[in-house]
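Residue-level listing of the chains:
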Amino acid sequence: MITELFINSCILITFISVFYTFILNKNIYLSTSPFFKVLVGFWSGLLGILLMLFSVPINQNVIVDFRYVPIIIAAIFGGILSPIMASIIIGVFSILYLGITKASIVALIDVFLIGIGCSIISSTKALRKIKWIHSIVYLNIVTSISMIIVIKDSRVLFTSLSVYPVAIILMAYFVFKYTEYLSKSVKIHRTLKRQATVDFLTGLNNVRQFKKDLNNFSQRAIRKGKKLSLLYLDIDYFKKVNDTYGHSSGDIVLRNLAIILRRTCRSFDIISRNGGEEFSVLLLDCSGSNAFRIAERIRKNVEENKFHISDKSIINLTISIGISTYSDITDNIDNLFKNADNALYEAKITGRNKICIHDLNKQIIDIGM
């Protein structure tokens, strides 16, 4: 029995590992998506079926395995729906697999009792560890009563009651520790993945993601014959804010500017913080004239905004913006960023709080405000 249960445990751990790998790659957020709950229930049901196929025969009509552990997992991670769904799948298969016998009917009752019981336990506000403990105790009570009902040989019954509950406890403890470790690994992976592409202060794309998006959408613009505009902007005299009010106040300004950019730009535009007080807006399928209108709207909103950097301090700021557009202003899309940067530099050295556009002949058009 011990050897067969070990094989059962290896199948269980392998299935859990594969599923977590799927979660990691597909970026399904744990325990919130309805799709995830259905997926957990379906996966747990399939795992229960697989464990039954490699079960331990006690006698001609009775088998034992770890089929109920996936139901507990479904309850802990999927809430109420998942264990009910898993119980139905496992219960239907047990009847089809074992036929209609006393043992299969008892097993069917067991699986539904465990599914309902674990659902109730999972709905409590207890810690995950406590839910595991309560579920295992409940599972052992139900299965022990079932063994007493269906196993008539006292020696076999004693062996089953001695080995199976202990095996369930050891297996559940290992699964709990392993799933906790995998859950933390998934969260760390997502955090690192987000940090690799998102600016920690503003929540906008960072410069690495900006370069990736610029390359991708540049290729798309060439391939589909679409226009692509880039706004490159900088906060005027931002160093004075840091020097006068401190870097924490400067951080408040940067976060507020990010909010203004999100509210002003279109929902599908790509907004990034390129470093320091420099930001960029990648305007998809946007002509030069439309890019200027969006840039002017941004400039005006920033100029009119009151930046509350403390309870007693309110300041006004301005920004300078450089614009480059493919293909009606910039003919070489590879120079889109360079030309927008040059236009921004021109805006900075010619008075600030203005917009400059890079034209086809690589001349700077100064749009004074």
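So, a few notes on the structure that sits alongside this text. Computed from a predicted model, the values in this text were never measured in an experiment.

## Topic: the pairing of strand β3 (residues 228-235)
For β3, the tally of buried residues reaches eight of eight residues, placing the bulk of the element in the interior. Residue alternation in β3 divides its side chains into two sets, L228, L230, Y232 and D234 and S229, L231, L233 and I235, and both sets are buried. Relative to strand β5 (residues 278-284), β3 runs antiparallel, the two sharing seven bridges. Across the sheet, the residue bridging to D234 is E278, located in β5. In this structure, β3 lies alongside strand β8 (residues 319-326), joined through eight bridges in antiparallel fashion. By the bridge assignment, L231 is partnered in β8 with I323.

## Overview of a positive patch on the surface
A surface patch of positive charge is lined by K129, K177, K184 and K187. With three residues, helix α7 (residues 154-195) is the single largest residue contributor to the positive patch. Position of K129 among the secondary structure elements: in helix α6 (residues 128-150). Residue classification places K129 among the exposed positions, given a relative accessible area of 51%.

## With respect to the pairing of strand β4 (residues 270-275)
Buried residues dominate β4, accounting for five of its six residues. Where β4 and β5 come together, five bridges link them in antiparallel fashion. Residue pairing across strands places I271 opposite V281, the latter belonging to β5. From the end of β4 to the start of β5, which pair antiparallel, there are two residues, and G276 there has a positive phi angle of about 60 degrees.

## Concerning the packing of aromatic side chains
What characterises a pair of aromatic rings is the spacing of the ring centres plus the angle enclosed by the ring planes. The full count for this structure, using the stated rule, is nine aromatic pairs. Aromatic pair F174 and Y178: ring centres 6.0 Å apart, planes at 15 degrees, arrangement stacked. One end of the pair, F174, and the other, Y178, are both in helix α7, four residues apart, so they sit about a helical turn from each other. Owing to a relative accessible area of 44%, F174 belongs among the partly exposed residues under this scheme. Here the aromatic residues F15, F19, F36 and W43 are joined through ring pairs into a cluster of three or more. One residue, K240, lies across the ring of Y237, its end atom 4.8 Å from the ring centre.

## What to know about the side chain of D65
Inspection of the secondary structure assignment puts D65 in the loop between β2 (63-64) and α3 (69-78). Overall, D65 belongs to the buried group, its relative accessible area being 1%. The residues touching D65, leaving out its near neighbours within four places in the chain, are L5, N8, L51, M52, S55 and Y164.

Definitions and cut-offs
- Residues numbered from 1 in each chain as written.
- Predicted model: local features only at pLDDT ≥ 70, side-chain atom pairs only at ≥ 80, totals over all residues.
- Heavy atoms only, no water.
- Buried < 20%, exposed > 50% of the residue type's maximum accessible area, 1.4 Å probe, protein only.
- Helix = DSSP H or I, 4+ residues; strand = E, 2+ residues; numbered from the N terminus.
- Pairing = 2+ DSSP bridges.
- Patch = residues over 30% accessible without salt bridge, like charges linked within 9 Å, V, L, I, M, F, W, Y side chains within 5 Å.
- Areas by Shrake-Rupley, 256 points an atom, 1.4 Å probe, with all protein chains shown as cover.
- Salt bridge = Lys/Arg side-chain N within 4 Å of Asp/Glu carboxyl O.
- Lys, Arg positive; Asp, Glu negative; His and termini not counted.
- Charge placed at Lys NZ, Arg CZ, Asp CG, Glu CD.
- Phe/Tyr/Trp six-rings, centres within 6.5 Å; stacked < 30°, edge-to-face > 60°.
- Lys NZ or Arg CZ within 6 Å of the ring centre and 35° of its normal.
- Contact = heavy atoms within 4.5 Å.

Geometry only, nothing functional implied.
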